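Each chain is listed here by its residues.
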Amino acid sequence: MTNPLRRIDARNLTEALLRPADHVAEFSREDLRGLSARLGHGPLPSGELLRIDSWTLRSGLNTVQTPFAWTPQFAKRTLGLAALRLLVFGVAPTPREAVAHEVDRLVRMGQEQPQTSTSLARYLASCSSAIRGAAIAHATTYATEAFCAIDWKAFVRHPLIGSPDASALLRGQGLLLRGRAELVADLDGPTEGDLGESRLVIMHGAIADDTTLLLGLSALAATLSSSDRRAPARMVAYFPTSAQAAVLEITENVLQRTALGIAKRVANCRLSDLEAHAA
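A quick note: this is a predicted structure, and the numbers were derived from the prediction, not measured. (Residues numbered from 1 in each chain as written. Predicted model: local features only at pLDDT ≥ 70, side-chain atom pairs only at ≥ 80, totals over all residues. Heavy atoms only, no water.)

Trainee: Can you tell me about the confidence of the model for the protein, naming the residues and giving the values?
Mentor: With 92% of its residues at a pLDDT of 70 or more, the protein shows a mean pLDDT of 91. Contacts from residues 274–279, a stretch scored under 50 in pLDDT, to residues over four places away or in other chains number three contacts. (pLDDT = per-residue confidence, 0-100. Contact = heavy atoms within 4.5 Å.)

The structure is reproduced here in structure tokens:
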């Protein structure tokens, strides 16, 4: 079976995001239940929900939970996307100034409202100036790469930058699906007046064997959590460090294949968990 992922020139990201959609997949509630059922059944023997996101898929769905801690590298996406919004809406003139503006805001919040501020604000307020500088440097690179890759004047409707992860809680399957997107844009649908949706995912490294599955996961999570039961029309991947890009048109078949691909990995993970509990 051919891979539906299509490589494109990274200079054509904007065109890929805004090109009218030939098809927007819509599902009935029964169809969505059937799609969810393909992912497997039941929680882990430990009783925990298995979180499925791009990180856990790439790490083999390791069920050992490592406590999260902020680092300059981990903070770059959150800070970079906030800075990107400031750049696109003309609040800051350069990526570094945009990042510095956001960091200053979070530091003030962490210092003045520690009980109600975010964990990132508390981290930035408590870390040394050297660590804070490293966070600014990482985020500035991130924001610069994203800002320069896209022709922002081409958007008739403002895109959503840094939207919350799409989350689909599937208790019957014992799964929590999380799909991220750095940018969500409206595009013209297959019929007049109909709008589709394209999603940009910024990824590290280069196009790999798992790129199709990772983009499919983001689309599947968005579909299962959608209020109108519509799938994104298109997923676009951008790899800044390798100057690569790819497009995945989302169809019913792509989502079915994604669900089956995830199910295979979930089955292997559950088998490992059973063996660990039996030992």
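Read on, since the account is not over.
Trainee: Now, about the layout of surface pockets: what can you tell me, with residues and values included?
Mentor: Reported here for the second largest pocket is a volume of approximately 250 Å³. Around the second largest pocket, the lining residues are P4, D209, D210, T212, L213, V254, R257, T258, L260, G261, K264 and R265. For the lining of the second largest pocket, the elements supplying multiple residues, two or more each, are α8 (211–224) and α9 (252–278). Here the lining of the second largest pocket takes seven residues from α9, the largest share from any one element. Its residues assigned to classes, the lining of the second largest pocket comprises four nonpolar, three polar and five charged. (1 Å grid on protein atoms, 1.4 Å probe; cavity = no way out; pocket = protein on both sides within 12 Å on 5 of 7 lines; lining within 4 Å. Points joined across faces, edges and corners; volume = space filled by probe spheres on them. Helix = DSSP H or I, 4+ residues; strand = E, 2+ residues; numbered from the N terminus. Nonpolar A, V, L, I, M, F, W, Y, C, P; charged D, E, K, R; others polar.)

Trainee: Any chance you could break down the packing of aromatic side chains for me, citing the residues and the numbers?
Mentor: For any pair of aromatic rings, the description rests on two quantities: the centre-to-centre distance and the angle between the ring planes. The tally for this structure, following the rule as stated, stands at four aromatic pairs. Between F68 and W70, the aromatic rings sit 5.0 Å apart at their centres with planes inclined by 85°, giving edge-to-face as the arrangement. Residue F68 is classed as exposed on the basis of its relative accessible area of 55%. Feature note: the residues F68, W70 and F74 constitute an aromatic cluster, connected by ring pairs. (Phe/Tyr/Trp six-rings, centres within 6.5 Å; stacked < 30°, edge-to-face > 60°. Buried < 20%, exposed > 50% of the residue type's maximum accessible area, 1.4 Å probe, protein only.)

Trainee: I'd like to hear about helix α5 (residues 95–112), residue by residue, with values.
Mentor: Taking 1.5 Å of rise per residue, 18 residues should cover 26 Å, and α5 covers 26 Å from first to last C-alpha, within 8% of that figure. When we look at burial in α5, the residues that qualify are P95, A98, V99, A100, E102, V103, L106, V107 and G110. As for α5, its buried residues are in contact with α4 (72–88), α6 (119–126) and α7 (129–149). (Expected span 1.5 Å × (residues − 1).)

Trainee: Give me the lowdown on the sheet that holds strand β1 (residues 6–9), citing residues and values where you can.
Mentor: What the six strands build is an open sheet, ordered β1-β9-β8-β7-β6-β3; its pairing is mixed. At either end of the open sheet lies a strand with only one pairing partner, and these are β1 and β3 (160–161). Across six bridges, strand β8 (residues 234–239) lies against strand β9 (residues 244–249) in antiparallel orientation. When the sheet's bridge partners are listed, Y238 is paired in β9 with A245. (Pairing = 2+ DSSP bridges.)

Trainee: A description of the pattern of salt bridges should follow, citing residues and the corresponding values.
Mentor: What the rule picks out here adds up to 16 salt bridges. Here E26 makes a salt bridge to R230, at a shortest N to O gap of 3.1 Å. Taken together, the positions of E26 in the loop between α1 (13–18) and α2 (29–37) and R230 in the loop between α8 and β8 put the pair 204 residues apart, joining distant regions of the chain. Accessibility expressed as a relative area gives 17% for R230, which makes it buried. A salt bridge links E197 to R199; the shortest N-O distance between them is 2.8 Å. Note on E197: relative accessible area 25%, which makes it partly exposed. Look at the salt bridges and you will find they share partners, linking E15, R19, R234 and E249 into a network. (Salt bridge = Lys/Arg side-chain N within 4 Å of Asp/Glu carboxyl O.)

Trainee: So what's going on with the sheet that holds strand β2 (residues 50–52)? Residues and values would help.
Mentor: Taken together, the three strands give an open sheet; going across it, the order is β2-β5-β4, and neighbouring strands pair in mixed fashion. What marks the edges here is a single partner per strand, and that holds for β2 and β4 (166–170). Strand-to-strand twist in this sheet, taken as the mean axis angle between neighbours without regard to direction, amounts to 15°. Judged from the three bridges that link them, β2 and strand β5 (residues 175–179) form a sheet pairing that is parallel. Counterpart to I52 in the pairing with β5 is L177. (Axes fitted to C-alpha atoms, helices over the stretch in contact; angles between N-to-C directions.)

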